[in-house]
Every structure is written in structure tokens, then in C-alpha cells.
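Examination of the molecular architecture
So the chains spell out like this:
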Amino acid sequence: MLKKSKTLVMVTLFFGMIGMFGLGAAEMKGEVQVIKKGKYTIHSYMSPENSAMVTSQIIETPKRLLVIDAQFMRPYAKELATYIKTLKKPIEKIIITHGHPEHCFGLEMFKDQKIYALKETADYIGKYGKLIMKSKQKQMGKLITESVVIPDQIVEEGKETIDGLTLHYRKVSDAEDGIQLM
């Protein structure tokens with residue numbers, strides 16, 4: 001049996017160094033950290049400082065991927081989508097934790113996927129998403145999405161098991177947002 005320090009492997013990959021994935025090293029700006037634990041791997045993508053260092057998590061199970069939050073600016077949502085393709089597994093679901101634009105504006109890169117959120121989050125994005133998008137476009141232009149994607153699947157509090165991994169969904173109030181998924 002391996003010692004705990006050897007079973008938990010953390011690798012930091014700067015996109016400028018991962019030409020082996022065929023991602024075009026000159027255009028990559030984000031950073032990925034990979035943590036392996038048994039048959040599961042967590043890939044944590046972080047956008048650069050000019051995009052508020054937004055993180056998206058990819059949970060890799062033996063057969064599929066779960067993506068948590070979809071980035072803010074288009075270039076980094078695109079990098080996230082490109083990185084996900086290198087994993088060569090289907091996306092089971094994309095989960096949006098709350099309605100702030102840095103978590104959901106990148107959904108335009110994933111609009112053909114099943115996108116999950118709490119009902120309150122989906123309603124918030126549906127009600128305010130376009131207004132927020134137009135405001136951000138005035139500040140940042142084409143770096144911001146031109147279409148708001150509203151989660152079409154509702155997450156309920158409780159447990160779900162995917163490929164042997166049990167996820168515990170909880171609704172939290174008054175944290176980073178009024179209502180968010182943990």
C-alpha cells in the first residue's frame with residue numbers, strides 16, 4: 001500500500017507548457033492543477049488574473065466527467081472546453097454553483113450539454129443574465145458571451161452517485177451569493 005503522500009499527487013500544468021495536448025501553447029493563458037485520488041481525478045482550471053482567477057473544477061471518474069462552473073470570459077471558457085476535450089471522456093453534467101457571471105457566462109461553450117443548477121440559480125440567470133451580460137459587454141466587449149445559457153436541469157438537495165462517487169448537494173444561503181449550491 002502506498003503512503004498517503006504518494007497516493008495524493010498534485011501536478012501543476014501551465015498551459016504554456018502542455019503542447020503535448022495539441023492546444024497551441026502560444027495562446028494558452030490559464031493554469032490547471034491535477035489531484036489524483038484512487039480512481040478519481042480533480043482537474044482545477046484557473047483563469048489568469050485579468051479574468052479574476054476564476055476556477056472551474058472537472059471531476060474525472062473512470063467513465064465520465066463532471067464540470068463545476070464554466071468560467072467568465074470567452075477565451076478562458078474556450079481553454080476550459082479545449083482542456084476537457086483532451087480528457088477524452090463524455091461530460092455527464094455541468095453544474096453551476098450560483099448565478100454570478102464568472103460561474104456561468106462560459107456556458108456558451110457547453111450549450112449542448114446537460115446544465116444543472118438550483119432552481120433559484122436558474123431563475124436568477126434567466127431573469128438577470130442578459131442585463132448583466134450587456135453591462136459586462138460595455139466594459140469588456142467581445143471577451144464576454146453574446147448569449148446567456150440558462151441551466152435546464154434542476155439540482156435538488158441530497159445525494160447522487162456517479163461511477164461510485166457520491167456527491168452531496170446542499171443549498172447554502174448568504175455565502176458568496178444569496179443562494180448557492182455546495
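Everything numeric in this text was worked out from a predicted model, so none of it was measured. (Residues numbered from 1 in each chain as written. Predicted model: local features only at pLDDT ≥ 70, side-chain atom pairs only at ≥ 80, totals over all residues. Heavy atoms only, no water.)

1. Thoughts on the environment of I35
How we decide: Secondary structure elements follow DSSP: runs of H or I of four or more residues count as helices, runs of E of two or more count as strands, with numbering from the N terminus. The rule is simple: take the accessible area with a 1.4 Å probe, protein chains only, and divide by the maximum for that residue type; under 20% is buried, over 50% is exposed, in between is partly exposed.
Structurally, I35 is set in strand β2 (residues 31-37). When its relative accessible area of 29% is taken as the criterion, I35 is described as partly exposed. Along the chain, I35 and I59 lie 24 residues apart, while their C-alpha atoms are 9.8 Å from each other.

2. Observations concerning the pairing of strand β4 (residues 55-60)
For clarity, the threshold we go by: A pair of strands counts as paired when DSSP detects no fewer than two bridges linking them.
Sheet topology note: the strand β3 (residues 40-46)/β4 ladder contains six bridges and is antiparallel. Bridging from a neighbouring strand, T41 pairs with E60 of β4. Following β4, the chain reverses through four residues before pairing antiparallel with strand β5 (residues 65-68).

3. Section: the nonpolar core
Nonpolar side chains tend toward joint burial in soluble globular proteins. Stated formally: By nonpolar core is meant a set of buried Ala, Val, Leu, Ile, Met, Phe, Trp, Tyr and Cys residues that side-chain atoms within 4.5 Å join together. The contact criterion used throughout is that any non-hydrogen atoms of two residues lie within 4.5 Å.
I58, I84, I91, I94, I96, L107 and F110 are the most contacted members of the largest nonpolar core, which has 29 residues in total. Contributing elements (two or more residues each) for this core: β2, β5, α2 (74-86), β6 (91-95), β7 (115-117) and α4 (119-140). Ranked by residue count, the leading element in this core is α2, at five residues. Residues in contact with I58, not counting those within four places in the same chain, are T41, I42, H43, L65, L66, L80, Y83, I84 and L87. Counting residues in hydrophobic clusters, the runner-up holds twelve residues, among them Y40, L118, Y169 and L181.

4. A short note on the packing of aromatic side chains
Applied cut-off: Stacked, edge-to-face and tilted are the three classes for Phe, Tyr and Trp ring pairs, Trp counted by its six-membered ring, which pair at centre distances within 6.5 Å; planes under 30 degrees apart are stacked, over 60 edge-to-face, the rest tilted. Charge over a ring is defined by NZ of Lys or CZ of Arg lying within 6 Å of the ring centre and within 35 degrees of the ring normal.
In this structure the tally under the stated criterion is two aromatic pairs. When the ring of Y124 is compared with that of Y128, the centres are 5.1 Å apart and the planes differ by 45 degrees; the resulting orientation is tilted. A residue pair is termed a helical-turn pair when its members lie 3 or 4 positions apart in one helix, as Y124 and Y128 do in helix α4 at four residues. The partly exposed category is assigned to Y128, whose relative accessible area is 33%. A cation over a ring is seen here: K93 above Y116, with NZ or CZ 4.0 Å from the ring centre.

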